Amino acid sequence: MSRRRQIYEGKAKILYEGPEPGTLIQYFKDDATAFNAQKKGTINGKGVLNNRISEHIFTLLSTIGVPTHFIRRLNMREQLIRQVEIIPIEVVVRNVAAGSISTRLGIEEGTQLPRTIIEYYLKDDALGDPLIADEHIACFGWASQEEMNDIADMAIRVNDFLCGLFAAIGIRLVDFKLEFGRLWENDFARVILADEISPDGCRLWDMASGEKLDKDRFRRDLGGEAEAYQEVARRLGLMPEGEATPVLDLDSHRKKRGK
Ligand code: UDP
């Protein structure tokens, strides 16, 4: 059997050529990186969980009219997606101060922001994904003004939807990162949501305890990463009953397991 062609390998995913023109297969790895890949590790089962969580969220988003690259899940670790031209901008939406905004501007982590903030970072590992302004995007032609308007509108719609989705399962959506791509149809390009939405690129805090249910457990050496991702999947209704023990208190769960 001929091996399919690998198009790209990123930190957490691999892209392969898809079965039809204009499609790709997105494979989710267990690899985890942080601080621009200076910290590396694996989170057992992360790829399977992120594949499922991202499928769930992208499917829901398409039902509210947000266009996405997701076509269908193929297996535990792979999904079929539309091939897009990735816009080289990471779009970060923030509801609560945490991470880089807290260190950069000296705002205490956990401070509720008086309004939602959208930030843009240039996707460039060599430069460490620097924060950029609209002016840079226009000046260097990374995206047109029309595309940026569409991106900001979609980012707000995604945020409103996800805040409600997570609040309903006792999770505070602190911030998250989105990526967008151009879908070419003849000579016309439409911007659609690409990449993934999973605990890798979101900050998700348990509303009652404040416990982190996202990649900060890995970034900050808190342990219990796999259990945290499982807990998000479980609350979203994605874990078959009896398959995984509900883990509500990660710290005591880890102690019980002697980790
Ligand atoms: N984020 C991401 N990929 C990146 C940088 C950030 O997915 O390369 C996500 C991150 O998980 C968080 C949000 O974007 O949910 C804001 O991240 P922040 O700017 O605070 O950076 P960090 O503290 O993670 O370095």
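Just so it is clear, the model here is predicted, and its values are computed rather than measured. (Residues numbered from 1 in each chain as written. Predicted model: local features only at pLDDT ≥ 70, side-chain atom pairs only at ≥ 80, totals over all residues. Heavy atoms only, no water.)

Visitor: It is not clear to me how the nonpolar core should be interpreted in this structure. Could you clarify?
Guide: The tendency in soluble globular proteins is for nonpolar side chains to be buried side by side. The biggest cluster of nonpolar side chains holds 47 residues, and the ones touching the most others in it are Ile89, Val158, Phe166, Leu178, Phe180, Leu193 and Ile197. In terms of residues, this core owes the most to one element, helix α4 (residues 145-167), which gives eight residues. Those residues within four positions of Ile197 in sequence are excluded, and the remaining contacts are Ile53, Ser54, Ile57, Phe58, Leu61, Val158, Leu162, Leu178 and Cys202. (Core = buried A, V, L, I, M, F, W, Y, C linked by side-chain atoms within 4.5 Å. Buried < 20%, exposed > 50% of the residue type's maximum accessible area, 1.4 Å probe, protein only. Helix = DSSP H or I, 4+ residues; strand = E, 2+ residues; numbered from the N terminus. Contact = heavy atoms within 4.5 Å.)

Visitor: Explain the side chain of Gln26 to me, please; I cannot follow it from the model alone.
Guide: Mapped onto the elements of the fold, Gln26 is located in strand β3 (residues 23-28). Given a relative accessible area of 3%, Gln26 falls into the buried group. A distance of 3.4 Å separates a polar atom in the side chain of Gln26 from the backbone oxygen of Asp195. For Gln26, the contacting residues outside a window of four places in its chain are Lys13, Ile14, Leu15, His69, Arg77, Glu78, Gln79, Ile81 and Asp195. (Polar contact = N/O pair within 3.5 Å; in protein donor to acceptor, adjacent residues only side chain to side chain.)

Visitor: Even after reading the chapter, I still don't get the sheet that holds strand β2 (residues 13-17), so can you show me in this structure?
Guide: Strand-to-strand pairing in sheets goes through backbone hydrogen bonds, with the strands running parallel or antiparallel. Taken in spatial order, the five strands of this open sheet run β1-β2-β3-β7-β6, and their pairing is antiparallel. Strands with a single pairing partner mark the edges of an open sheet, and in this sheet they are β1 (6-9) and β6 (70-73). Adjacent strand axes in the sheet meet at a mean angle of 25° when their direction is disregarded. Sheet topology places β6 next to strand β7 (residues 78-82); three bridges connect them, and they run antiparallel. Bridge pairing in β7 places Arg73 opposite Gln79. (Pairing = 2+ DSSP bridges. Axes fitted to C-alpha atoms, helices over the stretch in contact; angles between N-to-C directions.)

Visitor: Explain unusual backbone geometry here, please?
Guide: Most peptide bonds take the trans form, and the phi angle of most residues other than glycine is negative. Within the chain, Asn36 stands out as a residue other than glycine whose phi angle is a positive 55°. Position of Asn36 among the secondary structure elements: in the loop between β4 (31-34) and β5 (39-42). On the basis of relative accessibility, which here comes to 36%, the residue Asn36 falls in the partly exposed class. Positive phi is not limited to glycine here, since Ala37 has a value of about 70°. Turning to its location among the elements, Ala37 is positioned in the loop between β4 and β5.

Visitor: What exactly am I supposed to notice about the pattern of salt bridges here?
Guide: Where charged atoms from two side chains of opposite charge come close, those side chains can pair. In total, this model carries 28 salt bridges according to the counting rule given. The closest approach of N and O atoms between Glu231 and Arg234, which form a salt bridge, is 3.1 Å. Here Glu231 and its partner Arg234 are both found in helix α6 (residues 225-235), three residues apart, which amounts to about one turn of the helix. (Salt bridge = Lys/Arg side-chain N within 4 Å of Asp/Glu carboxyl O.)

Visitor: How should the packing of helix α1 (residues 46-63) against α4 be read in this particular structure?
Guide: Describing two packed helices takes the angle between their axes plus the distance from one axis to the other. Between α1 and α4, the shortest axis-to-axis distance is 11 Å and the interhelical angle comes to 120°. Between α1 and α4, the angle is such that the two are oblique. Here α1 and α4 pass one another in a crossing that is right-handed. The residues of α4 that touch α1, namely those facing Ile57, Leu60 and Leu61, are Val158, Phe161, Leu162, Leu165 and Phe166. When grouped by side-chain class, the residues that make up the contact of α1 with α4 number eight nonpolar, no polar and no charged. (Parallel < 35°, antiparallel > 145°, perpendicular 65-115°, else oblique. Left-handed = near helix turned anticlockwise from the far one by under 90°. Nonpolar A, V, L, I, M, F, W, Y, C, P; charged D, E, K, R; others polar.)

Visitor: I'm lost on the environment of Phe180 in this one. Help?
Guide: In this structure, Phe180 sits in strand β12 (residues 171-185). When its relative accessible area of 1% is taken as the criterion, Phe180 is described as buried. Here the alpha-carbon distance between Phe180 and Thr68, two residues 112 residues apart in the chain, equals 8.6 Å. Apart from residues no more than four positions distant in its own chain, Phe180 is found in contact with Glu85, Ile86, Ile87, Val91, Ile151, Met154, Ala155, Val191, Ile192, Leu193 and Ala194.

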